[in-house]
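Spelled out from the first residue to the last, the chains are:
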Amino acid sequence: MEIDMDVKNYQYHGKQRLIYTNNSPDVLNNVYYHLYFNAFQPGSEMDVRSLNAPDPDSRIGARINKLKPNEIGYIKVNSLKQNGVDLNYQTVGTILEVDLAKPIQPGESVTFDMRFEAQVPVQIRRSGRNNKEGVALSMAQWYPKLAEYDFEGWHADPYIEREFHGVWGDFDVSLTLDKNYIVGGTGYLQNPNEIGYGYETAKVNRPKGKTLTWRFVAANVHDFTWAADPNFIHETAQVPDGPLIHFFYKSSMPKENLENWKRLQPKAVELMQFYSNHIGKYPYDQYSVIQGGDGGMEYAMCTLILGEGTFDGLFGVTAHEMAHTWFQFLLATNELKHYWMDEGFTEYFGELAGSHILNYSFRDKTKSVYDIYRYVVKTGREQPQTTHADRFNYRQAYSISAYYKGYVFLAQLAYIIGQEHQEKTIKKYFKDFAFTHPVPNDIIRTAEKVSGLELDWYLMDFTQTTNTIDYGIKDIAGQTVTLERLGLMPMPIDITVDYTDGTSEDFYIPLQMMRGEKPTNATVLADWAWAYPTYTFQTTKPIKSVEIDPSGLMADVNMTNNKK
Ligand SMILES: [Zn+2]
């Protein structure tokens, strides 16, 4: 792509040459592009949904509806050719529908040449001009982006509110803009010594003129994002045996915020090391933490975050967004369909890394996450995790499902198959599925292969239904304990019995449909088959008290009957 940006009126012109290979076994008769910036227009689906949603995002609210023509976002396609032949196309909201001149055969590569013009909207959601901290350009979802076609067909989802899914590709992007602007983003800068601004590797030799052209190259990414501002400070920190991390933040921030950004740098190095050790090695030589956007949002090789909060806030958002690198960028689960595998796993690893680096209790954090999941169950507004991200009635129910129930899925997996097997599952999942857009079955099959246990019931009940877990202690009579299953969802049971002589014993009741047991030091009892509502076992000594799952990792929605 060659982009010519006018930083005064926020308009830009682009030329895009896309060499597209049909790696599917199907003949393609049309293609679709996303034109995300068209969402920022009065009457768009994003606008109307926000006006009608019971709990809209306060960042959107009724703001899109009030945008003037010179404040809206748009991408207008002026011409499009397939192998030199002009194509018919139609803009339908945020999607460009394209009729092909000739169908694309399996294995065939075609070249699409496009010319377009666009306007950067006032910053409302994720990208835009002049965000609330004064960053001039936050450029995410800013170019005509080919939709993904895979074994499920086309993913030409309109941009309503939720997130993204993209095609892997090699990007070569030249950005021409005012020479006083400093750019950070996806990709390696190819002409650092014509640019300077901290990128140079030798004496800087800038071409004459009012603009500079920044040429970035990124191989095997599914997105290209950048931000630019004339007041960016650009600093770097090297991760030993890892990437160079770039930081871009505004020099005009208050002094304490500038200090936070200095303190963040060695911590970001530790985060990168933690994720590389616990999930899999980061395969690029560069990662950038850039002030921009409206909160925190993850992109290929970079993140855009707000930069003026407390140090803990700045660290927390960096920890979360950097963890996304593994789940949103490198694994690249469809964020519209399987958001919980992205946000949930990211939230889990963000907190795991954060608790390790800032020395707080991961167990306490996890407990609070389980309580948030229990809260949404109680509201009655929960929808299954198979619901499309845009089709949740309540935004809060989406958020809890994606971030917190997704987190619980992974934490509870450690309860079901054992901590060691859960850790192995994550590493194998990343190793086997990086760069492949994995689906839910891929994580559960990986857990099955690692543990040797049958786990399809876990994926089905926990993610495809709103069934809940509720086991209770029904009765203790002498040395006989009777448990009951009150919720529909099955679970294996860890149970601890305190005896009157001051000793205690751990028991494990395998779930019959798992066809095996997790590794455990507990006394293994007979299987509990799901359909039986109660289960009875004997102890060898007089009982003082009994507790189901002292680890708290089973997401039982009613804890009042777990101890007796
Ligand atoms: Zn996230």
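Just above sits the structure.
Residues numbered from 1 in each chain as written. Predicted model: local features only at pLDDT ≥ 70, side-chain atom pairs only at ≥ 80, totals over all residues. Heavy atoms only, no water.

1. Concerning the overall build of the protein
Then, number 1: The secondary structure content of the protein amounts to 10 helices and 30 strands.
Then, number 2: Compactness check: the protein gives a C-alpha radius of gyration of 26 Å against a globular reference of 24 Å for 564 residues, within 12% of the reference.
Then, number 3: By principal-axis analysis of the C-alpha atoms, the protein measures approximately 90 × 55 × 45 Å.
Then, number 4: Here the protein holds 564 residues, and 57% of them are scored as buried.
Then, number 5: The long-range share in the protein, meaning contacts at least 24 apart out of those at least 6 apart in sequence, stands at 70%.
Then, number 6: Accessible surface, the protein: about 22,800 Å² in total, of which carbon and sulfur atoms supply 48%.
Then, number 7: Of note, the protein has its 54 positive side-chain charges centred 4 Å away from the centre of its 70 negative side-chain charges. (Helix = DSSP H or I, 4+ residues; strand = E, 2+ residues; numbered from the N terminus. Rg over C-alpha atoms; globule rule 2.2 N^0.38 Å. Buried < 20%, exposed > 50% of the residue type's maximum accessible area, 1.4 Å probe, protein only. Contact = heavy atoms within 4.5 Å. Areas by Shrake-Rupley, 256 points an atom, 1.4 Å probe, with all protein chains shown as cover. Lys, Arg positive; Asp, Glu negative; His and termini not counted. Charge placed at Lys NZ, Arg CZ, Asp CG, Glu CD.)

2. Things to note about unusual backbone geometry
Then, number 1: The residue aspartate 241 is not glycine, and still its phi comes out positive at about 55°.
Then, number 2: Tracing the backbone shows aspartate 241 in the loop between β19 (232-238) and β20 (244-250).

3. Topic: the environment of glutamine 238
Then, number 1: Within the fold, glutamine 238 resides in strand β19.
Then, number 2: As for glutamine 238 and alanine 268, which are separated by 30 residues in sequence, their C-alpha atoms are 9.9 Å apart.
Then, number 3: For glutamine 238, the side chain forms a polar contact with the main-chain oxygen of glycine 242, separated by 3.0 Å. (Polar contact = N/O pair within 3.5 Å; in protein donor to acceptor, adjacent residues only side chain to side chain.)

4. Description of the coordination of the zinc ion
Then, number 1: Summarising the metal site, the zinc ion is bound by the protein donors His320 (NE2), His324 (NE2) and Glu343 (OE), whose distances to it range over 1.9 to 2.1 Å.
Then, number 2: Look at where the donors of the zinc ion fall in the sequence and you get H-x3-H-x18-E. Of the two residues, histidine 320 and histidine 324 both sit in helix α4 (residues 311-331), 4 residues apart, roughly one turn of that helix.
Then, number 3: Among the residues examined, histidine 320 registers a relative accessible area of 11% and is labelled buried. (Donors = N, O, S within 2.8 Å, 3.2 Å for Na, K, Ca; no water.)

5. Considering the sheet that holds strand β5 (residues 85-86)
Then, number 1: Reading across the sheet, the 8 strands line up as β5-β4-β8-β2-β1-β14-β17-β16 and stay open at both edges, with mixed pairing between neighbours. Two strands lie at the open edges of the sheet, namely β5 and β16 (188-189), each paired on one side alone.
Then, number 2: Here 2 bridges tie strand β4 (residues 74-82) to β5, and the two strands are oriented antiparallel to one another. In the sheet register, lysine 81 faces β5, and the bridge partner there is aspartate 86. (Pairing = 2+ DSSP bridges.)

6. Examining the packing of helix α3 (residues 255-278) against α4
Then, number 1: The geometry of α3 relative to α4 is characterised by a closest axis approach of 10 Å and an angle of 30° between their N-to-C directions. Our classification of the angle between α3 and α4 gives roughly parallel. Pair α3 / α4 crosses with right-handed handedness. Note on element contacts: α4 touches α3 through Phe311, Leu314, Phe315, Thr318, Ala319, His320, Met322, Ala323 and Trp326, opposite Asn260, Trp261, Arg263, Leu264, Lys267, Ala268, Leu271, Met272, Tyr275 and Ser276.
Then, number 2: Residues that form the contact of α3 with α4 fall into these classes: 13 nonpolar, 4 polar and 2 charged. (Axes fitted to C-alpha atoms, helices over the stretch in contact; angles between N-to-C directions. Parallel < 35°, antiparallel > 145°, perpendicular 65-115°, else oblique. Left-handed = near helix turned anticlockwise from the far one by under 90°. Nonpolar A, V, L, I, M, F, W, Y, C, P; charged D, E, K, R; others polar.)

7. With respect to the packing of aromatic side chains
Then, number 1: Tallied over the full model, the rule gives 51 aromatic pairs.
Then, number 2: Ring geometry for tyrosine 458 against phenylalanine 462: centres 5.6 Å apart, planes inclined by 20°, an arrangement best described as stacked. Placement of the pair is tyrosine 458 and phenylalanine 462 together in helix α10 (residues 456-464), with a separation of 4 residues, close to one helical turn. Accessibility classification places tyrosine 458 together with phenylalanine 462 in one group, the buried group.
Then, number 3: A cation over an aromatic ring shows up here: arginine 381 above the ring of tyrosine 394, its NZ or CZ 3.8 Å from the ring centre.
Then, number 4: The positively charged end of lysine 518 is found above the aromatic ring belonging to tyrosine 415, 4.6 Å away from the centroid. (Phe/Tyr/Trp six-rings, centres within 6.5 Å; stacked < 30°, edge-to-face > 60°. Lys NZ or Arg CZ within 6 Å of the ring centre and 35° of its normal.)

8. Structural notes on the sheet that holds strand β10 (residues 137-139)
Then, number 1: Read from one edge to the other, the open sheet built from 4 strands follows the order β9-β10-β18-β15, with strand pairing classed as antiparallel. Because the sheet does not close on itself, it has two edges, and the strands there are β9 (128-129) and β15 (182-185).
Then, number 2: In this sheet, β10 lies alongside β9 in antiparallel orientation, the contact comprising 2 bridges. Across the sheet, the residue bridging to glycine 128 is serine 138, located in β10.

9. Some remarks on the pattern of salt bridges
Then, number 1: Scanning all chains against the criterion turns up 27 salt bridges.
Then, number 2: A salt bridge links lysine 81 to aspartate 86, with the nearest nitrogen and oxygen atoms 3.7 Å apart.
Then, number 3: Looking at lysine 81, the relative accessible area reads 29%, which means it is partly exposed.
Then, number 4: Where aspartate 223 meets lysine 145, a salt bridge forms, and the shortest distance between an N and an O atom there is 3.6 Å. One end of the pair, aspartate 223, is in the loop between β17 (211-221) and β18 (226-229); the other, lysine 145, is in strand β11 (residues 145-146), and 78 residues separate them in sequence. Like lysine 145, aspartate 223 is buried.
Then, number 5: Ionic contacts of the salt-bridge type, sharing partners, join the residues Asp57, Arg59, Arg125, Glu161, Arg162, Asp294 and Arg395 into one network. (Salt bridge = Lys/Arg side-chain N within 4 Å of Asp/Glu carboxyl O.)

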